[in-house]
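Here are the chains, one letter per residue:
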Amino acid sequence: MELLKTLCEIHAPSGNESAMTDFVLDYVKSNKSKWTVQPKVISGDSFQDCIILVFGEPRTAIFAHMDSIGFTVRYEDQLVPIGGPQSESGYRLTGQDALGPIECELLADDEGGLSYKFGRAIQRGTDLVFKTNFRESQEYVQCCYMDNRLGVYNALKVCETLENGCVVFSCWEEHGGGSVPFLARYIHHNYGVKQALISDITWVTGGVHHGKGVAISLRDRHIPRKKYVDRILEIAEESGIDYQLEVEGSGSSDGRELQQSPYPFDWCFVGAPEDNVHSPDEKVHKHDIECMIALYKELMAKL
Amino acid sequence: MELLKTLCEIHAPSGNESAMTDFVLDYVKSNKSKWTVQPKVISGDSFQDCIILVFGEPRTAIFAHMDSIGFTVRYEDQLVPIGGPQSESGYRLTGQDALGPIECELLADDEGGLSYKFGRAIQRGTDLVFKTNFRESQEYVQCCYMDNRLGVYNALKVCETLENGCVVFSCWEEHGGGSVPFLARYIHHNYGVKQALISDITWVTGGVHHGKGVAISLRDRHIPRKKYVDRILEIAEESGIDYQLEVEGSGSSDGRELQQSPYPFDWCFVGAPEDNVHSPDEKVHKHDIECMIALYKELMAKL
Amino acid sequence: MELLKTLCEIHAPSGNESAMTDFVLDYVKSNKSKWTVQPKVISGDSFQDCIILVFGEPRTAIFAHMDSIGFTVRYEDQLVPIGGPQSESGYRLTGQDALGPIECELLADDEGGLSYKFGRAIQRGTDLVFKTNFRESQEYVQCCYMDNRLGVYNALKVCETLENGCVVFSCWEEHGGGSVPFLARYIHHNYGVKQALISDITWVTGGVHHGKGVAISLRDRHIPRKKYVDRILEIAEESGIDYQLEVEGSGSSDGRELQQSPYPFDWCFVGAPEDNVHSPDEKVHKHDIECMIALYKELMAKL
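Model, not experiment: these values are computed from the prediction.

Visitor: I'd like a description of the interface of chain A and chain C, backed by residues and values.
Guide: Facing the 28 residues of chain A at the interface are 29 residues of chain C. Taking both sides of the interface into account, the surface hidden between chain A and chain C amounts to around 2,300 Å²; carbon and sulfur atoms contribute 51%. In this assembly, chain A and chain C are joined by four salt bridges. Residue Arg225 of chain C pairs with Asp45 of chain A through a salt bridge whose shortest N-O separation is 3.9 Å. Linking chain A with chain C are 18 residue pairs in polar contact (both at pLDDT 80 or more), by the criterion used here. Elements that contribute at least two residues to the side of chain A that touches chain C include exactly β4 (70-73), β5 (78-82) and α4 (180-191) of chain A. By residue class, the composition of the side of chain A that touches chain C is ten nonpolar, twelve polar and six charged.

As structure tokens, then:
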């Protein structure tokens, strides 16, 4: 869980993911010698802050977004949300501007107005994120940004034994998207990939519970193609790994952008569920994480 | 009208269109020998559940979506809508899960919550559609899913004498889209096509009436390019076929995705109007259907 | 300011931009001999009503939308908005239908219903725009459609000395977009361009004031990539040109479509602020216009 903790501590709200990019590139460089297959590492200016790892002859791509929700400093002491953060007065926020490091307090008024409380003015446009408070118990891990540092963690764990597949680290998922279309284009054009798994974190609800296994989402605001999801369910069933079926009418993911891209991608969201969504206290059951990693290994081998 | 009735009976909500795909492919196979020109039939895994027919040297493409609105079974007895179905308690819904065929009743509470009433629990993720009740009178046809089985019917009728053109059967139109971008890409790249007609069904309103002819939409939520629409109006005017001009501020179609695709497509929605939109009782005047088919033949020849 | 006045008088609501296209093409033809570099002029049927000018070896593209907000005539005397016009009873609207030129009055009822008052019925689908009333003082220019005829004006001024770069005149920005994706595709494929500046007009607010210089938007509804915006800020700072930093949670531009296109474009909105947004009385400070042009020249040279 050290890796997960480290990931959760990296400042990378949507649009400002470069610290995550650097970390992931370093991690890959330091660890890939231990992996079963050496991936081709694709990044740099033509990929903005995104990264693509290509293992062997890929048929399926894992998409894990690196960005997090947060806040942008506006005028006076106002804040504008990045993505859809839970906003309660008293939450601690961190960031940095030209004057130095910042740790301030979030204030939310009754009309939904957001502001910060800090000893000095913060420079216009500075982005702030929840202060990290990583907690681990026998059964659970808890921190801000399980969504989606856990999706990144899962992807990196799968890399260890992956023989054929793409692993894509995307940006801006929490706020308007924009990287998945060109990433999809690249892997479709260069490798003919048209199957995807969305390595992301979903919600504990009346139908999806802590500790019951990884959630396979049959739909959210968007509806993946039934034929593809049925193949995933078949592989999941045969694997013996604990899984839960999710059906939602709202919420979306990198899958939305794959669906709407000019490339014929099938996609399915497969991820552990969390409580306290988009708050500093996102909580995930360790068993569900284990099931997520195990199922991804099966799916990447068999799809 | 036998063909239309058969089309209306096929279970194919957004994301699960494969039964329509199979039917259309079979229909084309069985009937194309009687058609003026033998089309190239493009389908299969790289096209998900979509179909493209290419006749001669295409300049214009007809887009007809195969999917319908419906409902997804969530947890307990809850339902989540697929697209924007009219939802009244008492509507009959049909579908199938691993335990067998389903015919159940829709319940809609005052807060917009949807559920089903059935003798047993239905499996999570099962999709349900309105029960078919096809009615035909001297003047009208009436059934669920005139939108858009009538658009598919129109396209298949136009195929009979089509010399040059693409006919595209798309998916997911009722729920988030996603197939039009890659279909547009394919026909633009391979055939240079950049003109489209949206074969879909619109609304009877204060300005568009039953029996007054096919509607040519000057705009809906999106605005097609005036230069292109003006050419369509010219051809319509010269043809002597009954038509009506529609102007709306809302509603959208496969045209939206063509508009926003990275290919310079002109598009115009041309279709018969219906009453009781998105309900089990969609009603269309036969004269408007005849005008729709006749005008499509003119437009495909002259655009 | 003669050129700006002329631009403001051209009838070109979203979807019907061809009069602007013709004007800009004529203007380029008549004036380019005086420009430092002769651009390649790209337009015609494959570009709908859009225009691309290519100077030298482009690294960065200026996007300036040619369309304006307005109104479409529906049934009876109803109007449907094009984009988001300010709508107050008494505003004068102009247009043309087959029966001749139109100057009528806008009526807005309490429920947001819009209609026109005119001596005769106006043909269905006719588009109307605000009547032009160009006003110039020592410090300000004021008229409808500063947004975005001023963005077009800025782009044409920058052309005079531009050595390397694309200048793109887009359509539909005010209403649903749709041209930027194929324009982005063209310049990315043919010239490898992946940097953009959005030449558009923004808002006077609590943080952005008349006469304080051109606004550089750090974000609106969408968030550009921080790395790219930081480079722009550096160049702006070094230039000594007056500029202001903008941070908004809403509003969008051609930048949105670049962000979401399947090409890895970086973008930043850089434009003068206006008062009385989307009304017949849009007002901009002349100093901010001068700063806008000056900063664009710097950015196009140094990015």
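Visitor: Any chance you could break down the relation of the copies chain A and chain C for me, citing the residues and the numbers?
Guide: Between the two chain copies there is a screw-like relation: a rotation about an axis and a shift along it. Mapping chain A onto chain C calls for a rotation angle of 120 degrees and an axial translation of 0.0 Å; the resulting RMSD is 0.0 Å. Those values place the two copies in the arrangement expected of a three-fold rotation axis. Taking C-alpha positions as reference, the residue of chain A nearest the rotation axis is Pro262 of chain A, located at 4.7 Å. The share of interface residues of chain A whose copies in chain C are also at the interface is only 7%, consistent with the copies meeting through different surfaces.

Visitor: If you had to explain the sheet that holds strand β18 (residues 273-275) of chain A to someone new, which residues and values would you point to?
Guide: Residues and elements named next belong to chain A. Strand order in this open sheet of five strands is β10-β11-β19-β18-β14, and the pairing throughout is mixed. Of all the strands in the sheet, the pair left with one neighbour each is β10 (135-136) and β14 (202-203). Two strands pair when backbone bridges link them, and strand β11 (residues 140-143) and strand β19 (residues 282-285) are joined in this way by four bridges, in the antiparallel orientation. Following the sheet pairing, Gln142 is matched in β19 by Lys283. Helix α3 (residues 146-159) contacts β11, β18 and β19 of the sheet and is inclined by roughly 40 degrees relative to β19.

Cut-offs applied
Residues numbered from 1 in each chain as written. Chains lettered and ligands numbered in written order. Predicted model: local features only at pLDDT ≥ 70, side-chain atom pairs only at ≥ 80, totals over all residues. Heavy atoms only, no water. Contact = heavy atoms within 4.5 Å. Buried area = accessible area lost by both parts, 1.4 Å probe. Salt bridge = Lys/Arg side-chain N within 4 Å of Asp/Glu carboxyl O. Polar contact = N/O pair within 3.5 Å; in protein donor to acceptor, adjacent residues only side chain to side chain. Helix = DSSP H or I, 4+ residues; strand = E, 2+ residues; numbered from the N terminus. Nonpolar A, V, L, I, M, F, W, Y, C, P; charged D, E, K, R; others polar. Least-squares fit on C-alpha atoms with pLDDT ≥ 70 in both. Pairing = 2+ DSSP bridges. Axes fitted to C-alpha atoms, helices over the stretch in contact; angles between N-to-C directions.

Any link to function would need more than the numbers given here.
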